[in-house]
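# Coordinate analysis (summary)
Spelled out from the first residue to the last, the chains are:
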Amino acid sequence: FFLIDRRCHVMCLLVRRLLLTYLFLINAITFVLYGIDKSRARRNGGGGGGGCGRRTRIAEAKLHKLSLLGGSIGALLGQKFFRHKVRKMKFQIVYWFTVVFQIGLILWLFVVP
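The sections below set out a description of the structure shown in this document. It should be emphasised that the depicted structure is a prediction, and the values quoted were computed from it without experimental measurement.

Between its first and last C-alpha atoms helix α3 (residues 89-110) spans 31 Å; for 22 residues at 1.5 Å apiece the expected length is 32 Å, and the two agree. When α3 is considered as a whole, its buried residues turn out to be F91, Q92, Y95, T98, V99 and Q102. The arc that holds every buried residue of α3, seen down its axis, measures 125 degrees, which confines them to one face. Across α3 from its buried face, at more than 90 degrees, point the exposed residues M89, K90, I93, F97, V100 and W108.

Right, let's talk about a nonpolar patch on the surface for a bit. Taken together, the side chains of L68, F97, F101, I103, L105, I106, L107, W108, L109, F110, V111 and V112 present a nonpolar region at the surface, about 1300 Å² in accessible area. Tallying contributions element by element places α3 first for the nonpolar patch, with 9 residues. Note that V111 resides in the segment after α3. The exposed category is assigned to V111, whose relative accessible area is 57%.

For the rest of this paragraph, the subject is the pattern of salt bridges. Opposite charge on two side chains permits them to pair, given that their charged atoms come into close proximity. Going through the model one piece at a time under the given rule, you end up with 3 salt bridges. D37 serves as the salt-bridge partner of R57, at 2.8 Å between the closest nitrogen and oxygen. On the criterion of sequence distance, the pair formed by R57 in the loop between α1 (2-43) and α2 (60-82) and D37 in helix α1 is long-range, its members being 20 residues apart. With relative accessibility at 16%, the residue R57 sits in the buried group. Taking relative accessible area as the criterion, D37 reaches 0% and is therefore assigned buried. For K85, the salt bridge identified is with E60, shortest N-O distance 3.0 Å. Of this pair, K85 sits in the loop between α2 and α3 while E60 sits in helix α2; the two residues are 25 residues apart in sequence, bridging distant segments of the chain. Accessibility expressed as a relative area gives 9% for K85, which makes it buried. Beyond isolated ion pairs, a larger network of salt bridges with shared partners links E60, K85 and K88.

Cut-off values and rules
Residues numbered from 1 in each chain as written. Predicted model: local features only at pLDDT ≥ 70, side-chain atom pairs only at ≥ 80, totals over all residues. Heavy atoms only, no water. Helix = DSSP H or I, 4+ residues; strand = E, 2+ residues; numbered from the N terminus. Expected span 1.5 Å × (residues − 1). Buried < 20%, exposed > 50% of the residue type's maximum accessible area, 1.4 Å probe, protein only. Arc of directions from axis to C-beta. Patch = residues over 30% accessible without salt bridge, like charges linked within 9 Å, V, L, I, M, F, W, Y side chains within 5 Å. Areas by Shrake-Rupley, 256 points an atom, 1.4 Å probe, with all protein chains shown as cover. Salt bridge = Lys/Arg side-chain N within 4 Å of Asp/Glu carboxyl O.

Put into structure tokens, the structure is as follows:
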């Protein structure tokens, strides 16, 4: 019985460590991509990219997907640090809907019996 309990404990620690590593990486990637997109927006004069010497912008849908996949903290930090996407109301509505969805999911999985 003790051996089974010990294996379960080790597995729980491993899963927790993998989850924390994943969350750190997805948030770091999301934060960096907000910075890259802000830099490209400045360089391109706010346009969507293309043209001579212009770098393609990162699609808003991609930024939202990263938030939905767990990078919402990195997204918020990127928005505040780079002052990026903070005045786009439609973008903010989708972002905050994602955050509310994630909070609800966490509550449903870990709090509600």
